[in-house]
Amino acid sequence: MSMGKAIVGGAVVVAAGVAAYFAFMANREVYIPIVSKGSQHQFWQAVKAGAEQAAKDFDVRITFEGPENETMIDKQTEMLKSALANKPAALALAALAGMAATPMLVDAHYKKLPVIAFDSGVDSVIPRTTATTDNFAAAGLAADKMAELIGKSGEVAVVVHDDHSRTGIDRRDGFVKRMKAYHDIKVVSVQYGGGDKAKSAEITKAILEQYPDIKGIFGANEGSAIGVLNAMKEMQKKIVIVGYDSGKEQKAAVASGEMAGAISQNPVGMGYKTVEAAVRAIKGEQLPKVIDTGFYWWDKNNMNDPKIAAVLYD
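Residues numbered from 1 in each chain as written. Predicted model: local features only at pLDDT ≥ 70, side-chain atom pairs only at ≥ 80, totals over all residues. Heavy atoms only, no water.

J.: Provide a residue-level description of the overall build of the protein, including the pertinent values.
T.: Helix and strand content of the protein: 11 helices and 12 strands. At 22 Å, the protein has a C-alpha radius of gyration in line with the 20 Å of a compact globule built from 314 residues. Viewed in the frame of its principal axes, the protein has a C-alpha envelope of about 75 × 40 × 30 Å. Of the contacts formed within the protein by residues at least 6 apart in sequence, a portion of 73% connects residues at least 24 apart. In the protein, which carries 36 positive and 36 negative side-chain charges, the distance between the mean positions of the two groups comes to 4 Å. (Helix = DSSP H or I, 4+ residues; strand = E, 2+ residues; numbered from the N terminus. Rg over C-alpha atoms; globule rule 2.2 N^0.38 Å. Contact = heavy atoms within 4.5 Å. Lys, Arg positive; Asp, Glu negative; His and termini not counted. Charge placed at Lys NZ, Arg CZ, Asp CG, Glu CD.)

J.: Residues and numbers for the pairing of strand β6 (residues 154–160), please.
T.: For β6, a buried count of 5 out of 7 residues is recorded, marking the element as mostly surrounded by other parts of the structure. In terms of strand pairing, β6 meets strand β7 (residues 185–192) through 7 bridges, oriented parallel. From the neighbouring strand, V160 faces β7, where its bridge partner is Y192. Bridging between β6 and strand β8 (residues 216–219) involves 4 bridges; their strand directions are parallel. By the bridge assignment for β8, V159 is matched with G219. (Buried < 20%, exposed > 50% of the residue type's maximum accessible area, 1.4 Å probe, protein only. Pairing = 2+ DSSP bridges.)

J.: An account of unusual backbone geometry is needed here, citing residue identities and associated values.
T.: Most peptide bonds take the trans configuration, and most residues that are not glycine carry a negative phi. Despite not being glycine, K152 shows a phi value in the positive range, around 60°. Mapping K152 onto the fold places it in the loop between α5 (135–149) and β6. In the Ramachandran plot, Q236 falls in the positive-phi region, its phi being about 55° despite a non-glycine side chain. By the element assignment, Q236 lies in the loop between α8 (222–235) and β9 (240–244). Assessed through its relative accessible area of 73%, Q236 is described here as exposed.

J.: Quick rundown of the pattern of salt bridges? Include the residues and the values.
T.: Inspection of the entire model under this criterion finds 16 salt bridges. The partner of E29 in a salt bridge is R61, with the nearest N and O atoms 2.9 Å apart. With E29 in the loop between α1 (3–27) and β1 (31–35) and R61 in strand β2 (residues 61–65), this residue pair connects regions lying 32 residues apart in the sequence. A relative accessible area of 51% means that E29 is categorised as exposed. A salt bridge links R172 to D173, with the shortest nitrogen-to-oxygen separation between them at 2.7 Å. Classification of D173 as partly exposed rests on a relative accessible area of 30%. (Salt bridge = Lys/Arg side-chain N within 4 Å of Asp/Glu carboxyl O.)

J.: An account of helix α6 (residues 166–179) is needed here, citing residue identities and associated values.
T.: Taking 1.5 Å of rise per residue, the 14 residues of α6 would be expected to cover 20 Å, and the 20 Å separating its terminal C-alpha atoms lies within 8% of that figure. Every buried residue of α6 is accounted for by T167, G168, I169, D170, R171, R172, G174, F175 and M179. (Expected span 1.5 Å × (residues − 1).)

J.: Any chance you could break down the confidence of the model for the protein for me, citing the residues and the numbers?
T.: Per-residue confidence for the protein gives a mean pLDDT of 91; residues scoring 70 or more make up 91%. The low-confidence segment residues 1–24 (pLDDT under 50) makes 4 contacts with residues lying over four places distant or belonging to another chain. (pLDDT = per-residue confidence, 0-100.)

What follows is the structure, given as structure tokens:
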């Protein structure tokens, strides 16, 4: 066979495959369950909004659910089991704990279901891609901002949502490692509040009592940051707070100067890219290992800039 005929023949095969895919799509509802790490925080609601827009654009059906808080690993596991039982075309997951999710990922793999990870990656080759923020780099930027704000010396602490998800680990490690570059700054405490405002506030009060001269605290997600803020108010302390994500309370705190600023992800874009990646995987398209959804530093000086305002959610 000549090269020309081979190319033409290959094009015919590809065209036939595409035609078969669209014929399949026309005769079957494509269902993609999305299981997130939580459902209460405004961040997850923004991810959901992006996913719903993508579902409309790509004409697929999605469901979006997550536990009430980000400590409920067993509940997320049950949600994953239920999602797989409903015979989806693909599965999207933001894992609370990679080890707990592994049996469901293996089940999906044997059923030949594409798995798309988002927000938190898992230590597995099964997900086709992960739509996520570079949380390590983003937390490093938070550390740089904190260092500038406290004059590059003094004690600081970190309140993180957990130590078992990829986001919790990367935000903790990204901040702590970057702070090591500032020899006159000491990270005196790293605590975990489950992303819960009340628990994070109690942890922060204990930190403030133990380290009365502390200059700043990094809250590694929305719930953590608001917990730090509430504790500072209750104890009438004045420290530098750097947060992560946005939401109404953080936006108000930054605007008033009570919080210095925060890192914002692009949650709407993350939700959209997750569904888009699932659709591409169903078609059999190759995907990059990571889909970087971006991050930004925002404070009272730039929060009304159109580019920044677009990624801040309420």
